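# A structural walkthrough
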Amino acid sequence: MSQVVVVGGGVAGLSVASALARRGRAVLLYERETQLGAGSSAKSAAIFRLAVEEPVNVQLALRGREIGRRLSPEGTIRALGGFYPCAADDERQRILEAAAFTGVREARPDELPAPLGHRDRPALFSPQDGAIDVHTLIHGLAREARLAGAKLLTGTAAEALDYSAGRVAGVRVASEVVPAEVVVDATGAWSPDFAPTDVGIRPHRRHLFVLDTPHASAFAQVVWDLSTHLYLRPESGGLLVSPCDEEPMPATDHVPTSSEAGSLLFQKLATWAPALQDARVRTVWAGLRPLTADHRFVVGFDPRVPGLFRLGGFGGHGMTAGAAAGELAAAMLCGESPPEARELDPARFARVPSSCAP
Ligand SMILES: Cc1cc2nc3c(=O)[nH]c(=O)nc-3n(C[C@H](O)[C@H](O)[C@H](O)COP(=O)(O)OP(=O)(O)OC[C@H]3O[C@@H](n4cnc5c(N)ncnc54)[C@H](O)[C@@H]3O)c2cc1C
């Protein structure tokens, strides 16, 4: 039977590999790092967020939570609740329209954590949001994929696509051709380097800090300020915090940190939560968020490269929705036409119509 080759062993690649194998397809996945999930999936803040503006993301997030429940009896989400201070009336309204059915509602000022400055600003509360158990999600998907017969090869890069008769016919690995009926590009932030056509995916660096502070216990929920652009959640006795920096940069293996992100964080904290100004930085890292121009995911066949399926552009929502997007991709690869497919179609970025492989 002809096989599907998946390139990239993050949450999206592992999910499509597992779903295809469980549907009886032969699947070979390549991950160039020695560990599965070592790309952006290992660098995330692991916040499960239903309070978003795009209805399709809410649907995929809910399905992602169901996938977690299939992988582990406890599921992969620890529900903490999430507050979303947001000054813009229209943005709050769009979130309520997309997610009110999940319980998202206006928050009362006295509900917000006491150390926050300006608690009287409008805010939303999402009771089901929380923290994702990334290890269980990644390794659960990998276990499921292997049990269904998928081969997952780590420490092995797919160097390039291979073409025959005007379509993708496989990938080149260690200078050998590995044949494939379809190649799935699940390379995340590295997609612009791997795939030959532009589907609008651009890596953007973001920093995360773990802060030690005596005020950590005052923050039992996620707090994501959509106006100040800063978020935090509890993390191993401290707080995981991001200043929501968003800097375009080429994809790189080891994303360097910048001292400017720390300055930005403490500058924001000075008015946002003055009590946190004296917090000590326990650790800091940076990762790449693969953003698209319209901040929507990319799931579908590349209209300019027959045989190449694109699965990416998850930006800051991949740990929440990437597993469900992988299952959506598997359904499409098995000939189904799920209703969400049209708005995630990579064709929206295809500037030059072409039926020929480059
Ligand atoms: C700082 C930060 C905070 C975030 N916070 C959140 C959050 O709170 N909630 C949330 O839902 N999401 C969050 N995200 C986003 C989330 O991490 C990503 O959307 C998600 O990890 C994308 O998954 P992926 O499978 O598409 O990509 P990745 O996990 O990056 O997987 C792609 C894989 O492809 C491999 N690869 C690349 N090229 C090749 C090749 N040629 N051959 C073989 N393998 C290759 C890479 O090594 C990598 O492992 C955050 C991201 C960052 C950086």
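Please read all numbers here as calculations on a predicted model, not as lab measurements.

## Describing the site of the ligand
Surrounding the ligand, one finds 42 residues, the nearest of these being Gly10, Gly39, Gly188, Gly287 and Gly318. Top contributing element to the shell around the ligand by residue count: helix α7 (residues 318–333), with four residues. Taken together, the residues of the shell around the ligand break down into 18 nonpolar, 18 polar and six charged. When residues of the shell around the ligand are assigned to domains, at least three map to each of domain 1 (1–79 + 129–201 + 292–358) and domain 2 (82–127 + 203–288).

## Quick notes on unusual backbone geometry
Its identity as a non-glycine residue notwithstanding, Ser236 has a phi of 35 degrees, on the positive side. With respect to the secondary-structure elements, Ser236 resides in the loop between β16 (230–235) and β17 (238–242). Residue Ser236 is classed as exposed on the basis of its 10 C-beta neighbours within 10 Å. A positive phi angle, close to 60 degrees, is found at His295, a residue other than glycine. Mapped onto the elements of the fold, His295 is located in the loop between β19 (280–291) and β20 (298–301).

## Structural notes on helix α1 (residues 11–22)
Side chains of residues three or four places apart in an α-helix project in the same direction, reflecting 3.6 residues per turn. Along its 12 residues, α1 runs 16 Å from first to last C-alpha, staying within 8% of the 16 Å computed at 1.5 Å per residue. The element α1 is largely enclosed, with a buried count of 11 among its 12 residues. Here α1 has its buried residues at Val11, Ala12, Gly13, Leu14, Ser15, Val16, Ala17, Ser18, Ala19, Leu20 and Ala21. Looking one or two places after α1, you find Gly24, whose phi comes out positive at around 90 degrees.

## A few points about the sheet that holds β20
Strands sit in the order β9-β2-β1-β13-β21-β20 across an open sheet of six strands; the sheet is mixed. The sheet is open, and its two borders are formed by β9 (151–154) and β20, each paired with just one other strand. Within the sheet, the average angular offset between the axes of one strand and its neighbour, ignoring direction, is 15 degrees. Each of β1 (3–7), β13 (182–185), β20 and β21 (308–312) touches α7; the most contacted strand, β21, lies at about 160 degrees to it.

## Quick word on the environment of Met332
Take Met332: it is sitting in helix α7. As a C-alpha pair, Met332 and Val223 span 109 residues in sequence and 36 Å in three-dimensional space. Ignoring anything within four residues of it in the chain, the contact list for Met332 reads Gly300, Pro338 and Ala341.

## A closer look at the sheet that holds strand β4 (residues 77–79)
An order of β3-β8-β4 is seen for the three strands of this open sheet, with the pairing classed as antiparallel. Looking at which strands have only one partner, the edges of the open sheet turn out to be β3 (47–48) and β4. Two elements, β3 and strand β8 (residues 130–132), share two bridges in a ladder whose sense is antiparallel. By the bridge assignment, Phe48 is partnered in β8 with Gly130.

## Let's talk about the nonpolar core
Judged by nonpolar contacts, the single largest core of 110 residues is most densely connected at Val16, Ala17, Val184 and Ala329. Looking at this core, the element that brings in the most residues is α7, giving 10 residues. When residues of this core are assigned to domains, at least three fall in each of domain 1 (1–79 + 129–201 + 292–358) and domain 2 (82–127 + 203–288). Not counting residues up to four positions away in its chain, the partners in contact with Ala17 are Val6, Val27, Leu29, Ala145, Ala150 and Leu152.

## A word on the domain arrangement of the protein chain
By the assigned domains, the protein chain splits into domain 1 (1–79 + 129–201 + 292–358) and domain 2 (82–127 + 203–288). Here the C-alpha centroids of domain 1 and domain 2 sit 27 Å apart. The interface is formed by 20 residues belonging to domain 1 together with 22 residues belonging to domain 2. Broken down by class, the residue content of the side of domain 1 that touches domain 2 amounts to 11 nonpolar, three polar and six charged.

Calculation notes
- Sequence order as written defines the numbering, with residues in each chain counted from 1.
- Per-residue local features of the predicted model are confined to residues with pLDDT of at least 70, and side-chain atom pairs are confined, for both listing and counting, to 80 or more; whole-chain, interface and lining totals are unaffected and use all residues.
- Any residue whose C-beta atom, as placed from the backbone, lies within 6 Å of a molecule or strand is termed near it.
- Runs of H or I in DSSP of at least four residues are treated as helices and runs of E of at least two as strands, each being numbered from the N terminus.
- Side-chain classes follow a simple rule in which Ala, Val, Leu, Ile, Met, Phe, Trp, Tyr, Cys and Pro form the nonpolar group, Asp, Glu, Lys and Arg form the charged group, and the remainder, Gly included, forms the polar group.
- Each domain's extent is set by a domain assignment, obtained either automatically or from a database.
- For the exposure call, what matters is how many other C-beta atoms sit within 10 Å of a residue's own: 20 or more marks it buried, 12 or fewer exposed, and in between partly exposed, using C-beta atoms placed from the backbone.
- To estimate how far a helix should reach, multiply one less than its number of residues by 1.5 Å.
- In this description, strands pair whenever DSSP reports at least two bridges between them.
- Fitting a line to C-alpha atoms yields each axis, with helices limited to the stretch in contact; the angle taken between N-to-C directions then spans 0 to 180 degrees.
- Two residues qualify as being in contact provided that their C-beta atoms, derived from the backbone, are within 7 Å of each other.
- By our criterion, buried Ala, Val, Leu, Ile, Met, Phe, Trp, Tyr and Cys residues that link up through C-beta atoms within 7 Å make up a nonpolar core.

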